[in-house]
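Chain residues, written in single-letter form:
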Amino acid sequence: AQTVTQSQPEMSVQEAETVTLSCTYDTSENNYYLFWYKQPPSRQMILVIRQEAYKQQNATENRFSVNFQKAAKSFSLKISDSQLGDTAMYFCAFILTYNNNDMRFGAGTRLTVKP
Amino acid sequence: DAGVTQSPTHLIKTRGQQVTLRCSPKSGHDTVSWYQQALGQGPQFIFQYYEEEERQRGNFPDRFSGHQFPNYSSELNVNALLLGDSALYLCASSLTIWAPETGELFFGEGSRLTVL
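The following refers to the structure shown. Sequence order as written defines the numbering, with residues in each chain counted from 1. Just so you know, chain letters begin at A and ligand numbers begin at 1, following the order they were written in. Local features in a predicted model are, by the rule used here, given only for residues with pLDDT of at least 70; side-chain atom pairs are given and counted only at 80 or more, and totals for whole chains, interfaces and linings are based on all residues. As a convention, hydrogens and water are excluded, and side-chain values are obtained from all of the structure's heavy atoms.

**With respect to the overall build of chain A**
Here is step 1: Summing up its helical and strand segments, chain A has zero helices and 12 strands in all.
Here is step 2: Each helix (α) and strand (β) of chain A, taken in turn from the N terminus, gives the series β-β-β-β-β-β-β-β-β-β-β-β.
Here is step 3: A globule of 115 residues ought to have a C-alpha radius of gyration of about 13 Å, and chain A, at 14 Å, matches this closely.
Here is step 4: Each residue is assigned to one of three classes by its accessible area relative to the maximum for its type, calculated with a 1.4 Å probe on protein chains only: buried under 20%, partly exposed between the two thresholds, exposed over 50%. With 115 residues in all, chain A has 51% of them scored as buried.
Here is step 5: Contact between two residues is taken to exist if any of their heavy atoms lie within 4.5 Å; hydrogens are not considered. Of the contacts formed within chain A by residues at least 6 apart in sequence, a portion of 55% connects residues at least 24 apart.
Here is step 6: A residue counts as positive if it is Lys or Arg and as negative if it is Asp or Glu; His and the chain ends are not included. Here the site of a charge means NZ on Lys, CZ on Arg, CG on Asp, or CD on Glu. Distance between charge centres in chain A, computed from 11 positive and 10 negative side chains, equals 3 Å. The numbering of helices and of strands both runs from the N terminus, where a helix is a DSSP run of H or I of at least 4 residues and a strand a run of E of at least 2. Throughout, the radius of gyration refers to the C-alpha atoms, and the reference size of a globule is 2.2 Å times the residue count to the power 0.38.

**Overview of unusual backbone geometry**
Here is step 1: A cis amide bond links S7 of chain B to the next residue, P8 of chain B, at an omega of -10 degrees.
Here is step 2: Looking at the secondary structure, you find P8 of chain B in the loop between β1 (5-7) and β2 (10-13).
Here is step 3: In this model, K73 of chain A sits at a positive phi of 55 degrees, which is unusual for a non-glycine residue.
Here is step 4: Overall, K73 of chain A belongs to the partly exposed group, its relative accessible area being 26%.

**Regarding the side chain of T31 of chain B**
All names here are of chain B.
Here is step 1: Locating T31 in the fold gives a position in strand β4 (residues 31-37).
Here is step 2: Classification of T31 as buried rests on a relative accessible area of 0%.
Here is step 3: Pairs of N or O atoms are called polar contacts if they sit within 3.5 Å, as long as, within protein, a hydrogen donor faces a hydrogen acceptor (for residues adjacent in sequence, only side-chain-to-side-chain pairs). A polar contact is formed between the side chain of T31 and the side chain of D30, at a distance of 3.0 Å.
Here is step 4: The contact partners of T31, leaving out residues within four places of it in the chain, are Q48, Y49, Y50, R55, Q68, A92, S93, S94, L95 and T96.

**Observations regarding the sheet that holds β1 of chain B**
All names here are of chain B.
Here is step 1: Note: two strands are recorded as paired if DSSP finds a minimum of 2 bridges between them. Across the sheet, which stays open at both edges, the four strands sit in the order β1-β3-β8-β7 with antiparallel pairing between neighbours. Either end of the sheet is taken by a strand with one partner, and the two such strands are β1 and β7 (64-68). On average, adjacent strands in this sheet sit at an angle of 20 degrees to one another, irrespective of strand direction.
Here is step 2: Pairing geometry for β1 and strand β3 (residues 19-24), over three bridges, is antiparallel. Note that in β3 the partner of T5 across the bridge is S24. Lines fitted to C-alpha atoms define the axes here, with helix axes fitted over just the stretch in contact, and angles between the N-to-C directions of these axes take values from 0 to 180 degrees.

In structure tokens form, the structure reads like this:
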């Protein structure tokens, strides 16, 4: 079974600084995708960044980047130059390549950006 | 272009009652997935509908059922409500041939169900 673990229930960061959110996952499969989703108070899940397991290069999207360590089954999200609008719940998610109907989510990390 | 829309936004039911939640997918999408998000938890996959049929189901009892209409909209029905069914129910839409490397699941803002 595929599981996703986020060990940091809450984190905070000062505006303009950098913060890293942790995620580990467990699978015996080799082909999968990993995602970070943001859920602001509006409740709508918004895709932040994705990573293909077969790619060694870490994905980046503007101020967001990941540190993907396949052997360690670790997938952390780094947010640079944090902004007040980054305040939200962040969920790490996993999906198998051949079964992309059932996305597994972690329990989330609540990030607060302080002015 | 409207995204995924869900109704109602909030509702309160009592134990034993039945509830129906509705979802309209993003324009052009033909597949709808439902997720349950309990307080303080990540979303859990309930089931997915495509071509008006349930294509895949997560670990949820038969009290949870659904339907997809010819216009691709979908309903989630929960019978014999339990206190533990209190949660945010999220609908997500996608194209049938969803490429995880480029595609995206679009989520609605959810329906918050409270069971008393």
